[in-house]
Amino acid sequence: MAAASMGYEVIVFCQQENEPAAQVCHRVVTGAWDDREAIDRFASQCDVISLEFENIPSPTIADCARHAATHPHANVLAIVQDRLLEKGTLSDAGLPVTPFAPVDSRESAVEAAESLGWPMIIKTCRSGYDGKGQFQVGGEADLQPSDFADGGRWIAEKRIDFDREISVVVARTVSGQVQTFPIFENQHRNHILDVTTTPAAVSEQLAERARQVAIETAEVLDAVGLLCVEMFVCDEQVMINEVAPRPHNSGHLTIEACHTSQFEQQVRAICNLPLGRTDLVCGGAAMANLLGDLWSADGDPPDWTQALEVDPVRLHLYGKRLAKPGRKMGHLTALGDTPESVAERVRAARSRLQH
Ligand code: ADP
Ligand code: MG
């Protein structure tokens, strides 16, 4: 939608007809990620290609790049698709990441705890999201031999007793210009992002450090387009949790809250246009996610008028067909004088939607 409003024609590649992006673009090509014919048909119609989902197989993106400039490139995906490779790459470059170790068995997890300390969070290296594929272990007794039975790759991380979670979305153009958004502060519920506010309640010094870490991360990965760097704040230090090379849920409030939205910034970055101003148009902004739990068991949506009566609150729905518990279906945004007051407003609006 951001690209269309700037005069670009948009073609979407997706796996099924009528996926959210396909509902609002000029042309659609559907196919599986490994459907070479469909990918060629799609990419040969493009001048520049980007993505909004980082688990697209990196060979698919490499295939796209044979036809048109593709940002981010396949190497970035290959790194961020594997938590060990991601953390290893960033820590080798001197960036601060949560302490971690590779694990593949009960014994190696016990060994990892000797250096990391209990409690730990153990995550699958690949394809986890919204807390899926993760478990916490408080001590040796919590580890079952079956935990690692599938033979996959796992990473153990020290469980960080953080003061807050923040994210920094940085845009980087083809020619290397960079620009960050204001710092977002994120509250999770059941490991799923629940509410984002901005500006984050951190010192200017910490905000500057967080922006520097995000920019350096984009440069180390040579990522073009958007990169979201999720961080933990602990004793006035930042530590990278994970990165995503695409528009991020925590950046959705930029649609209303910033002079340039993350989506427009992504278009500018991949088309090598000057990046837009990212400062806030208000004192504070907040976003509350709308999960599938708000829908009835029969799949009926809640009565949106209830939330919209809390004025001014903006409603965004993504056009996902099927509502499932824990699935992100949309969000509410509010702007105002302070992040605290608007966070209260989006929460109040959302609580009116409970069945
Ligand atoms: P994903 O978002 O892909 O599910 P994350 O690694 O971001 O995976 O984990 C989801 C959430 O779980 C984080 O936002 C954070 O709240 C919590 N979490 C993850 N890793 C740690 C950690 N090492 N210490 C403390 N909390 C963590
Ligand atoms: Mg995350």
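Residues numbered from 1 in each chain as written. Chains lettered and ligands numbered in written order. Predicted model: local features only at pLDDT ≥ 70, side-chain atom pairs only at ≥ 80, totals over all residues. Heavy atoms only, no water.

(A) A look at the site of ligand 1. Close to ligand 1 lie 20 residues, the nearest being K123, G131, E165, N241 and E242. Between H188 and ligand 1, the recorded distance is 3.2 Å, taken from a side-chain N or O atom to an oxygen atom. Notes on ligand 1: free accessible area 540 Å², of which the protein chains cover 92%. Elements with a contribution of two residues or more to the shell around ligand 1: β6 (120-124), β8 (154-158), β13 (225-234) and β14 (237-244). For the shell around ligand 1, the per-class residue count stands at 5 nonpolar, 6 polar and 9 charged. (Near = heavy atom within 4 Å. Polar contact = N/O pair within 3.5 Å; in protein donor to acceptor, adjacent residues only side chain to side chain. Areas by Shrake-Rupley, 256 points an atom, 1.4 Å probe, with all protein chains shown as cover. Helix = DSSP H or I, 4+ residues; strand = E, 2+ residues; numbered from the N terminus. Nonpolar A, V, L, I, M, F, W, Y, C, P; charged D, E, K, R; others polar.)

(B) Spotlight on the nonpolar core. Counting residues in hydrophobic clusters, the biggest one holds 27 residues, and the most contacted among them are I166, L221, L227, M231, V238, I240 and V243. Elements with a minimum of two residues in this core: α4 (74-80), β9 (164-172), α7 (204-221), β13 and β14. Ranked by the residues each element gives to this core, the list is headed by α7, at 8 residues. Among residues more than four places away in sequence, those in contact with I240 are K87, L90, L95, P96, V97, T98, V213, T217, V229, E230 and M231. Counting residues in hydrophobic clusters, the runner-up holds 18 residues, among them W295, M329, V342 and V346. (Core = buried A, V, L, I, M, F, W, Y, C linked by side-chain atoms within 4.5 Å. Buried < 20%, exposed > 50% of the residue type's maximum accessible area, 1.4 Å probe, protein only. Contact = heavy atoms within 4.5 Å.)

(C) Structural detail: the packing of aromatic side chains. For the coordinates displayed, the defined rule picks out 8 aromatic pairs. Judged by centre distance (4.8 Å) and plane angle (10°), the ring pair of F162 and F232 falls under stacked. A residue pair is termed long-range when its members are at least 10 positions apart, and F162 in the loop between β8 and β9 and F232 in strand β13 qualify at 70 residues. Its relative accessible area of 32% is what places F162 among the partly exposed residues. Taking the relative accessible area as the measure of exposure, F232 reaches 10% and is therefore buried. Judged by centre distance (5.5 Å) and plane angle (65°), the rings of W295 and W304 are edge-to-face. Under the relative-accessibility criterion, W295 is labelled buried at 13%. On the basis of relative accessible area, W304 is assigned to the buried category, the value being 15%. Grouping aromatic residues by their ring pairs yields a cluster made of F13, W33, F42 and F53. (Phe/Tyr/Trp six-rings, centres within 6.5 Å; stacked < 30°, edge-to-face > 60°.)

(D) Summary view of the coordination of the magnesium ion (ligand 2). Protein coordination of the magnesium ion (ligand 2) is provided by E230 (OE) and E242 (OE), with donor distances spanning 2.0 to 2.4 Å. Taken as a pair, E230 in strand β13 and E242 in strand β14 lie far apart in primary sequence, 12 residues in all. Judged by relative accessible area, E230 falls into the buried class, the value being 15%. Of the residues examined, E242 reaches a relative accessible area of 23% and is grouped as partly exposed. (Donors = N, O, S within 2.8 Å, 3.2 Å for Na, K, Ca; no water.)

(E) Molecular detail of the pairing of strand β5 (residues 100-103). Of the two faces of β5, only one is covered, namely that formed by A101 and V103; the face formed by F100 and P102 stays uncovered. Pairing geometry for β5 and β8, over 4 bridges, is antiparallel. Across the sheet, the residue bridging to V103 is W154, located in β8. (Pairing = 2+ DSSP bridges.)

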